[in-house]
Structures are given as C-alpha cells and as structure tokens.
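Residue strings, one per chain:
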Amino acid sequence: MTDDIARIVDDGIGRIARVGDLDSLAEVDRDLFGKQSALATIKAGMRDLEPAERKAIGQALNEAQTRLRAAIAERRESLSADLRRQRLDDERIDLTELRPAQRPGHLHLVTQTMERLEDVFVGMGFTVAEGPEVEDDWHNFTALNLPAHHPARDMQDTFFVDLGEPGDVVMRTHTSPVQIRLMESTTPPIYSVMPGRVYRQETADATHLAVFHQIECLVVDEGISFANLASTIDTFTKAYFGDGFSSRLRPSYFPFTEPSAEFDIRRPDGSWLELGGCGMVNPNVLRNVGIDPEEYSGFAFGFGLDRLAAMRHGVPDLRQIASVDIRFVRQF
Ligand code: DAH
C-alpha cells in the first residue's frame with residue numbers, strides 16, 4: 001500500500017507541474033483530495049488494518065498530503081504571478097512610443113523660412129495675402145504692364161495650362177499677380193506681403209528650380225517715395241538677418257516698376273547676396289487696377305525664398321531643397 005501511495009504522489013506531482021492555468025490546477029486538486037480520490041479510498045480502508053500497519057499507512061498518507069499540498073501551493077503562486085504579469089503587459093500604456101526613429105515630423109525648411117519671413121513683416125505692420133497658383137494672362141502679365149509680345153515676357157519661361165483661350169491660363173511665374181488681385185479688391189492704403197509657390201519652365205540645376213517660392217511686398221498709399229522703399233528693405237534686412245547686415249539697390253528694369261532696382265544683402269564678412277527686384281509701382285499698373293496715380297503712389301519688391309533658405313543653411317545645391325531625401329529633410 002505504501003507503494004500505491006508513492007505512485008499517487010509521483011503522478012500528482014507530475015500533473016501539478018503540467019497544468020497551464022489556475023482552473024486546471026483546481027481540477028487536479030479535486031482529483032487528488034476529493035471524496036472519490038485514490039487517497040480517500042486508501043484512508044477509508046485503513047480501519048480494516050492491523051494497528052501497526054495502520055500507523056505506518058497513516059504516516060505515509062500524511063506525508064503524501066503534505067507534499068502534494070505544498071506542490072499545489074507553489075504552482076498556484078507561480079501561475080498567479082504569470083497571470084499578473086500578463087495583465088500588466090496587456091494594460092500597459094506605452095509612453096515611450098515616440099522613439100527617435102519614429103519622429104512625428106516637422107515643417108519643411110522652405111515653410112519654416114516662409115513663416116519666419118511672414119513673422120518679420122507682420123512685426124513691421126504688414127498683412128499677409130495670398131493668390132491662386134493657376135493664373136490668367138491678365139494678372140500674371142498684362143496688368144503688370146507686360147502686354148502680349150512684350151519682350152520682357154521672355155524673362156520668365158512659362159508653363160501654360162490647357163484651359164480656356166489658348167495661352168490665357170498659366171502657372172504663375174511670380175507672386176507679382178497677387179499685387180494685382182490685391183489692388184483690384186482693396187482701396188489703399190495697402191501694406192501687404194504675399195508669399196507663395198511659383199513655376200517656371202526651367203531645367204533644375206544647382207541655382208534654379210522649376211517649382212520654387214517667392215515673397216512679394218506691396219505698399220500703396222499717399223506720398224510713398226523711393227526713400228520709403230529703400231528704408232523698408234533695409235529695415236527688413238536687419239530684422240531678418242541681423243544687425244550686422246545691410247542692403248543696397250542697383251538700377252535695373254522691370255515693366256511693373258519705374259524706376260526699378262535690384263537689391264543685394266551685405267553680409268558681415270563684406271560679401272554680397274543678390275536677393276530680388278524692386279521699384280516704384282509703375283503708374284500704368286496703378287491705372288490698370290483703377291487706382292489714380294495722381295492720388296497714390298507705391299513701391300513693391302519680390303524675392304526667392306528657396307535660395308535664401310539655402311544660403312542661410314549652407315545648402316550647396318537648390319535641388320536638395322526639393323528632394324524628399326529624409327536625411328536632408330531631417331536636418332532642419
Ligand atoms: N516678379 C519679379 C520676378 O519674379 C520680381 C520682382 C521685381 C517683384 C520687382 C517685384 C518688383 O515686386 O517690384 O522676377
């Protein structure tokens with residue numbers, strides 16, 4: 001009979017070790033200690049034994065129960081610990097999900113540049129205006145004193161859109177048409193900047209892109225002079241680049257301004273950066289939008305953002321600005 005008890009214990013320990021959850025463990029517990037269990041049957045038979053044998057069997061039964069209960073308790077402990085760990089894992093909120101490799105992204109260098117420029121101009125009292133990228137001939141050229149067949153149209157190689165009258169719809173070649181829209185819809189005084197994307201039929205190289213960005217500035221008011229233009233450009237230069245920078249104007253030609261100039265920025269090391277064009281709004285342009293040039297005068301300037309951003313951050317090739325190479329984009 002002691003052999004039977006030893007086998008029951010070995011079997012029991014084996015089953016306890018193999019169960020995978022607390023429910024199965026409870027079942028094993030019932031099998032081992034229930035009224036129908038092998039141990040209970042042996043116990044029931046004890047009353048028929050000789051006193052000496054009964055004592056030995058009783059002792060063996062006690063030891064067997066102690067070992068099995070200890071094994072069950074130990075297994076219950078470890079199964080409960082597994083369960084707790086599993087629950088914690090399931091309910092865990094991962095606060096470290098935004099690992100460096102999965103950064104949520106940021107604004108593109110050109111957008112950052114645009115927003116900084118807008119901030120500077122807004123700080124100087126200008127409002128921000130926008131216009132469409134698909135333009136008609138009137139706003140992009142004619143109203144800007146560039147009538148059909150004007151040779152200056154060749155300065156801006158144009159993408160035409162197959163819409164309406166042939167040649168009438170274009171991808172805007174500059175942000176200057178927004179000046180026209182603004183003057184058509186607003187009575188002076190006007191103090192506005194107009195940033196946006198522009199298009200030219202060019203093969204991209206280190207200093208040119210077919211799709212790039214400009215910002216335009218327009219002031220129309222009573223008594224606006226060339227001195228106001230020069231001082232506004234210089235104030236902007238210092239506000240955007242810093243006190244060590246200054247500006248200069250060089251005579252130039254644009255059909256929409258008279259007189260016209262190009263403006264350069266002088267860096268603290270004495271070198272010059274050609275930035276954009278400017279001038280006094282041509283009286284023809286004012287007349288085209290129904291503003292009386294005897295009553296009002298104005299100035300305008302415009303320049304490219306992409307080149308400015310590239311210069312500021314030491315980007316040697318403009319084509320990188322337009323690239324989607326994440327190693328480039330991430331640097332800014
Ligand atoms: N629209 C000119 C261009 O894209 C730049 C420019 C020149 C804008 C003179 C102006 C201006 O407002 O007055 O080349």
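Since this is a predicted model, take the numbers as computed values, not measurements.

Re the sheet that holds strand S2 (residues 134-136)
Okay, so step 1: The strand order across the open sheet formed by three strands is S2-S4-S3, and the pairing between neighbours is antiparallel. At either end of the open sheet lies a strand with only one pairing partner, and these are S2 and strand S3 (160-161).
Okay, so step 2: Bridge count for S3 against strand S4 (residues 169-171) is two bridges, and the pairing is antiparallel. Within the sheet, the bridge partner assigned to Phe160 lies in S4 and is Val170.

Focus: the site of the ligand
Okay, so step 1: As a matter of local geometry, the ligand sits amid 16 residues, with His174, Ser176, Arg200, Gln214 and Glu216 nearest to it.
Okay, so step 2: Note that a nitrogen atom of the ligand is positioned 2.9 Å from one of the side-chain N or O atoms of His174.
Okay, so step 3: A distance of 3.0 Å separates a nitrogen atom of the ligand from a polar atom in the side chain of Ser176.
Okay, so step 4: Surface burial for the ligand is 92%, taken as the share of its 350 Å² of free accessible area covered by protein chains.
Okay, so step 5: Given that more than half its atoms are within 2 Å of the pocket grid, the ligand belongs to the largest pocket.
Okay, so step 6: When contributions to the shell around the ligand are tallied by element, the ones reaching two or more residues are helix H7 (176-185), strand S6 (211-221), strand S9 (272-281) and strand S10 (297-304).
Okay, so step 7: Of the residues in the shell around the ligand, the class split is five nonpolar, nine polar and two charged.

Observations concerning helix H4 (residues 51-91)
Helical geometry: 3.6 residues make up each α-helical turn, so side chains three or four residues apart lie on a common side.
Okay, so step 1: Compared with an ideal rise of 1.5 Å per residue, which puts 41 residues at 60 Å, H4 spans 59 Å between its outermost C-alpha atoms and is within 8% of the ideal.
Okay, so step 2: When we look at burial in H4, the residues that qualify are Ile57, Gly58, Ala60, Leu61, Ala64, Gln65, Leu68, Ala71, Ile72 and Leu79.
Okay, so step 3: Turning to H4, the residues buried within the fold contact helix H1 (2-18), helix H2 (22-33) and helix H3 (38-45).

Some thoughts on the packing of helix H5 (residues 109-123) against helix H10 (residues 305-313)
Okay, so step 1: Two elements in contact, H5 and H10, have axes separated by 9 Å at closest approach and are oriented at 100°. With respect to their mutual orientation, H5 and H10 come out roughly perpendicular. Two secondary-structure elements touch here, H5 through Leu109, Val110, Thr113, Met114, Arg116 and Leu117 and H10 through Leu305, Asp306, Leu308, Ala309, Arg312 and His313.
Okay, so step 2: For the contact of H5 with H10, the residue count by class is seven nonpolar, two polar and three charged.

Concerning the pairing of strand S8 (residues 257-266)
Every regular strand shows the same layout, with side chains that alternate between the two sheet faces.
Okay, so step 1: As defined by bridge partners, strand S7 (residues 246-254) adjoins S8 across eight bridges and the pair is classed as antiparallel. Along S8, the bridge assignment pairs Pro251 with Ala261.
Okay, so step 2: Where S7 folds back onto S8 in an antiparallel hairpin, the turn is made up of two residues.
Okay, so step 3: Bridge analysis of S8 against S9 gives eight bridges, and the strand direction is antiparallel. Its bridge partner being in S9, Ser260 is matched across the sheet by Gly279.
Okay, so step 4: The turn joining S8 and S9, which pair antiparallel and follow one another in sequence, is formed by five residues; a positive phi near 95° is taken by Gly270.

Description of the pattern of salt bridges
Okay, so step 1: In the structure shown here, the tally under the stated rule is 13 salt bridges.
Okay, so step 2: Residues Asp31 and Arg15 are paired through a salt bridge, measuring 2.9 Å at the closest nitrogen-oxygen approach. Note that Asp31 is positioned in helix H2 and Arg15 in helix H1, a separation of 16 residues in sequence.
Okay, so step 3: A salt bridge links Arg153 to Asp137; the shortest N-O distance between them is 2.8 Å. One end of the pair, Arg153, is in the loop between helix H6 (137-140) and S3; the other, Asp137, is in helix H6, and 16 residues separate them in sequence.
Okay, so step 4: When its relative accessible area of 16% is taken as the criterion, Arg153 is described as buried.
Okay, so step 5: The exposure class of Asp137 is buried, given its relative accessible area of 13%.
Okay, so step 6: Among the charged side chains, a salt-bridge network with shared partners connects Arg248, Arg250, Glu262 and Asp264.

The rules we used
- Residues numbered from 1 in each chain as written.
- Predicted model: local features only at pLDDT ≥ 70, side-chain atom pairs only at ≥ 80, totals over all residues.
- Heavy atoms only, no water.
- Pairing = 2+ DSSP bridges.
- Helix = DSSP H or I, 4+ residues; strand = E, 2+ residues; numbered from the N terminus.
- Near = heavy atom within 4 Å.
- Polar contact = N/O pair within 3.5 Å; in protein donor to acceptor, adjacent residues only side chain to side chain.
- Areas by Shrake-Rupley, 256 points an atom, 1.4 Å probe, with all protein chains shown as cover.
- 1 Å grid on protein atoms, 1.4 Å probe; cavity = no way out; pocket = protein on both sides within 12 Å on 5 of 7 lines; lining within 4 Å.
- Sits in = over half its atoms within 2 Å of the grid points.
- Nonpolar A, V, L, I, M, F, W, Y, C, P; charged D, E, K, R; others polar.
- Expected span 1.5 Å × (residues − 1).
- Buried < 20%, exposed > 50% of the residue type's maximum accessible area, 1.4 Å probe, protein only.
- Contact = heavy atoms within 4.5 Å.
- Axes fitted to C-alpha atoms, helices over the stretch in contact; angles between N-to-C directions.
- Parallel < 35°, antiparallel > 145°, perpendicular 65-115°, else oblique.
- Salt bridge = Lys/Arg side-chain N within 4 Å of Asp/Glu carboxyl O.

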